[in-house]
Amino acid sequence: MEIIKTDVAIVGAGGAGLRAAIALAEADPKLRIALISKVYPMRSHTCAAEGGAAGVIKSDDSLDLHFNDTVGGGDWLCDQNAVEYFINEAPKELMQLEHWGCPWSREPDGSVAVRPFGGMKIKRTWFAADKSGFHILHTLFQTSLKYPSIQRFDEYYAIDLLVDDGRCQGLTALEIRSGEIKQFQAKSVIIAAGGAGKMFPFTTNGAIKTGDGMALAYRAGVPLKDMEFVQYHPTGLPNNGILLTEGCRGEGGILVNKDGRRYLQDYGMGPETPVGQPVLKTMELGPRDRLSQSFWHEQRKGNTVSTPWGECVLLDMRHLGEKKINERLPLVRDLCISYLGMDPVKEPIPIRPVVHYCMGGIHTDIQAATPVPGLFAAGECACVSINGANRLGSNSLTELLVFGRRAAMSAIEHLQSGLSASNDTALSAQAKASEDRIRALFERNTGTETVAGLRKEMMHTMEENAGIYRTGEELQRACEKIAELRGRYANLALTDKSKVFNTDLMQALELGSMLDCAETVAVGARDRKESRGAHQRLDFTARDDQNFLKHTLAYYHPKEPPRIEYLDVVITKSQPGVRDYSGAKK
Amino acid sequence: MSRKPYIREVSKTSWFLSQPRYKRYMAREVTCIFIFAFTFLLICALGSLGKGPEAFQSFLHALRSPLGVLLNLAALVAAIYHSMSWFDVTPQAMPIQRGEEFVPGNVIVGAHYGAWAVVSLIILIWGI
Amino acid sequence: MSEERQIQLEVLRYNPETDSQPRYQTYTVPCVNEWVVLDALNYVKENLDPTLSYRWSCHMAVCGSCGYMINGEPKLGCKAFIHEYGDHIRVEPLANFPIERDLVTVVEDFIAKLASVKPYLIPKEDKPISAGEFRQTPAELKKYKQYTLCINCMLCYAACPQYGLVPEFLGPAAISMAHRYNQDSRDGGRDQRQEVIATDEGVWECSFVGACSEVCPKHVDPAGALQQVKVASTIDWYKEHLMPWVKK
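Residues numbered from 1 in each chain as written. Chains lettered and ligands numbered in written order. Predicted model: local features only at pLDDT ≥ 70, side-chain atom pairs only at ≥ 80, totals over all residues.

Draft legend 1. Structural detail: the overall build of chain A. Across its full length, chain A holds 15 helices and 24 strands. In terms of principal-axis extent, the alpha carbons of chain A reach across some 70 × 55 × 50 Å. Put simply, 75% of the contacts in chain A that link residues at least 6 apart link residues at least 24 apart. (Helix = DSSP H or I, 4+ residues; strand = E, 2+ residues; numbered from the N terminus. Contact = placed C-beta atoms within 7 Å.)

Draft legend 2. View of the overall build of chain C. Within chain C one finds nine helices and seven strands. Projecting the C-alpha coordinates of chain C onto the three principal axes gives extents of approximately 70 × 40 × 30 Å. For chain C, with 248 residues in total, the buried portion stands at 52%. Within chain C, counting contacts between residues at least 6 apart in sequence, those at least 24 apart form 65% of the total. (Buried ≥ 20, exposed ≤ 12 C-beta atoms within 10 Å, placed from the backbone.)

Draft legend 3. Representation of the interface of chain C and chain A within the structure. On the side of chain A, 45 residues touch chain C, which itself brings 42 residues to the contact. When residues of the side of chain C that touches chain A are assigned to their parent elements, the largest contribution, three residues, is made by helix α3 (residues 138-145) of chain C. Its residues placed into classes, the side of chain C that touches chain A shows 18 nonpolar, twelve polar and twelve charged. (Nonpolar A, V, L, I, M, F, W, Y, C, P; charged D, E, K, R; others polar.)

Draft legend 4. Geometry of the domain arrangement of chain A. Residues and elements named next belong to chain A. One can read the domain layout of chain A as domain 1 (1-109 + 123-229 + 359-574) and domain 2 (233-355). On a C-alpha basis, the centroid separation for the pair domain 1 and domain 2 is 29 Å. The interface of domain 1 with domain 2 comprises 22 residues on the first partner and 23 residues on the second. Looking at the side of domain 1 that touches domain 2, its residues break down into eight nonpolar, ten polar and four charged. (Domains from an automatic or database assignment.)

Draft legend 5. Representation of the sheet that holds strand β10 (residues 180-185) of chain A within the structure. Residue and element names in this part refer to chain A. Across the sheet, which stays open at both edges, the four strands sit in the order β1-β10-β9-β8 with mixed pairing between neighbours. Pairing within the sheet leaves two strands with one partner each, and these edge strands are β1 (3-5) and β8 (156-164). Sheet twist, expressed as the mean angle between neighbouring strand axes with direction ignored, is 25°. Where β1 meets β10, three bridges bridge the pair, whose relative direction is parallel. Among the inter-strand pairings, I4 is bridged to a residue of β10, identified as F184. (Pairing = 2+ DSSP bridges. Axes fitted to C-alpha atoms, helices over the stretch in contact; angles between N-to-C directions.)

Draft legend 6. Representation of the nonpolar core within the structure. Residues and elements named next belong to chain A. I10, I190 and A377 are the most contacted members of the largest nonpolar core, which has 261 residues in total. The element contributing the most residues to this core is helix α14 (residues 503-527), with 13 residues. Sequence-distant contacts of I10, defined by excluding residues within four places in its chain, comprise G17, A20, A21, I33, A34, L35, I36, I190 and A192. (Core = buried A, V, L, I, M, F, W, Y, C linked by C-beta atoms within 7 Å.)

Draft legend 7. Main features of α14 of chain A. For α14 of chain A, spanning 25 residues, the distance from its first C-alpha to its last is 36 Å, which sits close to the expected 36 Å at 1.5 Å a residue. Taken across its 25 residues, α14 of chain A has 24 buried, putting it largely inside the fold. (Expected span 1.5 Å × (residues − 1).)

Draft legend 8. Just the domain arrangement of chain C, in detail. Residue and element names in this part refer to chain C. Domain assignment breaks chain C into domain 1 (4-105) and domain 2 (108-242). Look at where the C-alpha atoms of domain 1 and domain 2 centre, and you get two points 30 Å apart. For the side of domain 1 that touches domain 2, the secondary-structure elements that each account for two or more residues are β3 (67-70) and β4 (73-76). Here the side of domain 1 that touches domain 2 gets three residues from one element, more than from any other, and that element is β4.

Draft legend 9. Representation of the pairing of strand β23 (residues 550-555) of chain A within the structure. All names here are of chain A. Pairing analysis gives two bridges linking strand β12 (residues 224-225) to β23, with the strands arranged antiparallel. Opposite K225, over in β23, you have L553 as the bridge partner. Note that β23 and strand β24 (residues 563-568) share six bridges and pair antiparallel. Among the inter-strand pairings, T552 is bridged to a residue of β24, identified as Y566.

Draft legend 10. Looking closely at the sheet that holds strand β2 (residues 8-11) of chain A. All names here are of chain A. If you trace the five strands from one edge of the open sheet to the other, you get β7-β3-β2-β11-β19, paired in parallel fashion. The open sheet terminates on both sides in strands that have one partner only, identified here as β7 (150-154) and β19 (375-377). Direction aside, the axes of adjacent strands within the sheet are offset by 20° on average. Direction of pairing for β2 relative to strand β11 (residues 188-191): parallel, over a ladder of four bridges. The partner of V11 across the bridge, within β11, is I191.

Draft legend 11. Helix α3 (residues 66-93) of chain B, seen in detail. Its 28 residues give α3 of chain B an end-to-end C-alpha distance of 39 Å, which sits within 8% of 40 Å, the value for a rise of 1.5 Å per residue. Elements in contact with the buried residues of α3 of chain B: α1 (20-51) and α4 (105-127) of chain B together with α9 (222-242) of chain C.

Draft legend 12. Region of interest: the environment of T364 of chain A. All names here are of chain A. Relative to the helices and strands, T364 resides in the loop between β18 (361-363) and β19. When the C-alpha atoms of T364 and C383 are compared, they prove to be 6.1 Å apart, with 19 residues separating the residues in sequence. The residues contacting T364, other than those within four sequence positions of it, are A369, T370, F376, A377, A382, C383 and V384.

Draft legend 13. Spatial organisation of the packing of helix α2 (residues 63-73) of chain A against helix α3 (residues 80-99) of chain A. Residue and element names in this part refer to chain A. Running from N to C, α2 and α3 cross one another at 135°; their axes reach a closest spacing of 10 Å. In this view, α2 runs oblique relative to α3, as classed from their interaxial angle. The handedness of the crossing between α2 and α3 comes out as right-handed. Contacts between α2 and α3 pair L63, H66, F67, T70 and V71 from the former with Q80, V83, E84, I87 and N88 from the latter. Residue composition of the contact of α2 with α3, grouped by class: five nonpolar, four polar and one charged. (Parallel < 35°, antiparallel > 145°, perpendicular 65-115°, else oblique. Left-handed = near helix turned anticlockwise from the far one by under 90°.)

Draft legend 14. Layout of the pairing of strand β3 (residues 33-37) of chain A. All names here are of chain A. For β3, a buried count of five out of five residues is recorded, marking the element as mostly surrounded by other parts of the structure. Regarding the hand of the β-α-β motif, the stretch spanning β2, helix α1 (residues 15-27) and β3 is right-handed. Sheet topology places β3 next to β7; five bridges connect them, and they run parallel. Across the sheet, residue A34 finds its bridge partner in β7, namely Q151. (Right-handed = clockwise from strand over helix to strand, strands pointing away.)

Draft legend 15. A look at unusual backbone geometry. Of the consecutive residues G270 of chain A and P271 of chain A, the connecting peptide bond is found in the cis state with omega at 5°. Its place among the elements puts P271 of chain A in the loop between β14 (254-256) and α7 (288-301). Residue S385 of chain A is bonded to the preceding V384 of chain A through a cis peptide linkage, with omega at 15°. Mapped onto the elements, S385 of chain A comes out in the loop between β20 (382-383) and α10 (396-415). Non-glycine residue N96 of chain C carries a positive phi angle of around 75°. Among the secondary structure elements, N96 of chain C is positioned in the loop between β5 (88-93) and β6 (99-101). For M154 of chain C, which is not a glycine, the phi torsion comes out positive at approximately 70°. Here M154 of chain C is to be found in the loop between α3 and α4 (155-159).

Draft legend 16. Focus on the environment of F169 of chain C. Residues and elements named next belong to chain C. Assignment of secondary structure puts F169 in the loop between α5 (161-165) and α6 (172-182). Residue classification places F169 among the buried residues on the basis of 23 C-beta atoms within 10 Å. Placed 36 residues apart in sequence, F169 and E205 show a C-alpha to C-alpha distance of 6.3 Å. Once residues lying within four places of it in the same chain are set aside, the contact partners of F169 are Q162, Y163, E201 and E205.

Draft legend 17. Representation of the environment of A62 of chain B. All names here are of chain B. Locating A62 in the fold gives a position in helix α2 (residues 53-63). For A62, a count of 12 C-beta atoms within 10 Å translates into the label exposed. Distance in space between the C-alpha atoms of A62 and V118 is 31 Å, their sequence separation being 56 residues.

Have a look at this one:
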């Protein structure tokens, strides 16, 4: 097996991974950096983010306001020391991107423009039309090409971490084009491999969002934190789940039910605001969890519109006019016309909530460090936690940058901390075991299960039992079913026996990752007997700070369901309060 | 090593037959031959002019032959096609930004046609 | 919802371990009319043949993974609608790139070319982050914005006959990206990029077939960018040789 020695190995080359790589290269040009990703960097799902990135820059805004919006939006499950660090660093990181050439939208005087987003008291979202994530990703990727010390391993799939002497010392990865497994020896490893939205059938997430990074750390003994919190974005296209950015509402789009009523006023987000004059933190600019939950109630009441693709409400942007839509929301218009055959300039667009983001992830501290020394994580795959029980829109792009860089700094501190020499024999033995595991899967001929079959059952289970509203009974069913699927996964047989670009094998490995993640979602949700943010229980409808102002930590077991522990939330200055999104009370 | 990337050879001589847009492109390029021929004719005209009035007269006479007329006609058609296909792409090749907006393509194309008409008119009047 | 219909999906297959050359395989796929070709491929992968290999991810025409030749035309699989085709659809890997396997191509050449044009901001002036942003008016932004929209899907390389004939050609997307930074009011790196793009293998290899712009799914208009680079390079040349006293 080929051994590649490097100083820092980064798994994932989206926003967080690229930001980390650049930070490492800038900090010390002599560092050897291996940037490992299962896709070419510009294919990473950061590219699909539309609305923008939050950072305090304007004189009417303040760090305190950003703090309050984030912590309140997260239903007080955020670690407040992490949030403070995050909001402090956010403007610097966004400014850094400007200096790297990101085409941020501008004010007439040439300064960076900001737009309003849901759950914000002041508008503070930096945006590049409605392709913000795309521009951030390409700016980072292109900037990374400046640094010869960043060695890319494109289309390498990370298999297992190598943990020896109590610290992470590298990983094994499959070179997809050749089918060969390589051993990466690294002093520090950063995981930045994105979320796991593909556990669900109806999601804004791309095919690659299969929780590989989360599962990688989880199998190596790092707990996954708060996995039960899965964000539904309120406005997805009903036929394929394509995201229509919150910017639609930030610019003034409204949500109406089948009677044309702006129903959000019936769910504590009113009173109704004038059409086309959005008021911050009110009505359509309420937080994502509340909006998605309102849809669920409207559907129960029979107030939704029946479409060929299921029940919907309508996102009406007609009053914005063609010019504004073209300037601020060109992608949204293009997506609606292309994929739904409807033009938002001329007609209201049917939408429904769609799985969008994992608040939970690899347990890290404020330094982006996991409990395993030498292993760091950043981005959607990590849980710092700044997102708590419900992420504030436009915090995730900023999070990639802030904690991508933070992980890089921590990785450097770690490798400079006088590490003992690595035991090559022990590492190679682990790498060999990892290779044997893949070979066994690859060569198994007697299996009865297929990737597509198990995946379909998993998705169905998650959608039916772990959606917007959950009950103990359904969640128990989900736990049992996912455990069963994990068992049946051992009987998986591949049809494709080729070594070159074997996507059957890739999808099998991805399915394994998703099943691991899905089980932590189901078990975490079943055991959290309260309703908070994106986790809503019909059998425990109130928030329970007495028992559950805590992070869920799920620990891996190869055969059993995860062991659950709890960790206190860090509270510095904001005691849990009422989430107020009603204009009336202001 | 299990990899063995397969390279599809592109025919050096018949590649343009594979796509209508390549054929259109080749048609545009072929106009060059006629324009080259016309340029060659002009040089011949200058040459004959240098040899004296008689030579020039016989050159003019030759031009009036069916072949000469045909050649000139073909060159004219080719030149018009070539010019028009160039005018059509001028908004791409020479965009003009006024304030925030770009000048609409049809204005730029129109200006080229206008300039063409004016220059042709001047030559025509001057010639008469 | 639109009605279902059956299509014959003819896919170019190539397994380097068993095939000496590519071959076609046809699948019968029940399609919903609003599907895109990528949906039909996914149907095959899930229900008929798990060995079919192809790249895809976002399904919303922004990640640039799923470029294929569809009935001979370079297209994104996620933006090629079934209803725009008849009952027989042929899918092949992007032209002008070596085939790794099935619909997967080897794209290292493009990535290397993109990197070679220095596609990053080389600021006119150094400025610390604490000093705030480089001012850029909406008009200055608009001047180059279109060229930032390239998703690196490589359809333009598959459409460009020049790239097929002369593999050394830098190609549409890479040169357009250089042009994007050259046009950015914050940038001062044009001279460095000219060394790479104003060369025989650079912009002068382009004969303006225009196919790149016709197939570009994001309306970047690389052909336009390349002609602008030619015009600017020509002006450079005249300045240098006829007016050497005028410094650029």
